[in-house]
Amino acid sequence: MQKQKQQAGEVSIIFCGDFNSNPRSGACHLLLNGHISDDFQEYPPIEKEIKVGGIAFGHSFHLASACGIPRYTNYVQGFSETLDYIFMDKESLQVDQVIPHPSHEDVTLHTALPSVVFPSDHIAQVCDLSWKNQL
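Below, the structure is looked at part by part. Remember, it's a predicted structure, so these values are computed and weren't measured experimentally.

Calculation criteria
Residues numbered from 1 in each chain as written. Predicted model: local features only at pLDDT ≥ 70, side-chain atom pairs only at ≥ 80, totals over all residues. Heavy atoms only, no water. Pairing = 2+ DSSP bridges. Helix = DSSP H or I, 4+ residues; strand = E, 2+ residues; numbered from the N terminus. Axes fitted to C-alpha atoms, helices over the stretch in contact; angles between N-to-C directions. Buried < 20%, exposed > 50% of the residue type's maximum accessible area, 1.4 Å probe, protein only.

**Description of the sheet that holds strand 7 (residues 84–89)**
Sheet strands pair by backbone hydrogen bonding; their relative direction is either parallel or antiparallel.
Okay, so step 1: The strand order across the open sheet built from three strands is 1-7-4, with neighbouring strands paired in antiparallel fashion. Two strands bound the open sheet, and with one partner strand each, they are strand 1 (14–18) and strand 4 (63–65). When the angles between neighbouring strand axes are averaged without regard to direction, this sheet yields 20°.
Okay, so step 2: For strand 1 and strand 7, the ladder comprises five bridges, and the chain directions are antiparallel. Each bridged residue has a counterpart across the sheet, and for Ile 14 the counterpart in strand 7 is Met 88.

**Considerations on unusual backbone geometry**
What you tend to see is this: most non-glycine residues have negative phi, and most peptide bonds are trans.
Okay, so step 1: Following Leu 113, the chain continues into Pro 114 via a peptide bond in cis, with omega recorded as -5°.
Okay, so step 2: Residue position: Pro 114 is located in the loop between helix 3 (104–108) and strand 9 (127–131).
Okay, so step 3: With phi around 50°, Asn 20 is a residue other than glycine that occupies positive phi space.
Okay, so step 4: Take Asn 20: it is sitting in the loop between strand 1 and helix 2 (26–33).
Okay, so step 5: By relative accessible area, Asn 20 is classed as exposed at 57%.
Okay, so step 6: Positive phi outside glycine occurs at Thr 111, with the angle close to 75°.
Okay, so step 7: Tracing the sequence through the fold places Thr 111 in the loop between helix 3 and strand 9.

Honestly, it's all geometry; don't read function into it.
Below you can see the structure in the form of structure tokens.
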């Protein structure tokens, strides 16, 4: 990306998918805040677990979750969590509209996802983005 930025100027990013990471996870913290400290603890230590420390991660992008942080994007019996995101460069992109999520009543009508109404165990994140500074 650095090479692309040198050759073409401004670089923007859209990074989306099923991250299998809830909003409190290290992955989301890193993406939304640009860094994660070397003492970040995702889970409490497990006996006999080897702790790896002293490693900090960071990036220079200014990312936001284009669809916000919904109540959940995955809903199965016994588990519901936000796992899917559209991360966008908030410096150069703006959200024009977000397709609303189905109601909780619609999602739970058939116990869990997938169902006869929703063909996936994930709720799609869909939005329209546009450039902030169009020439």
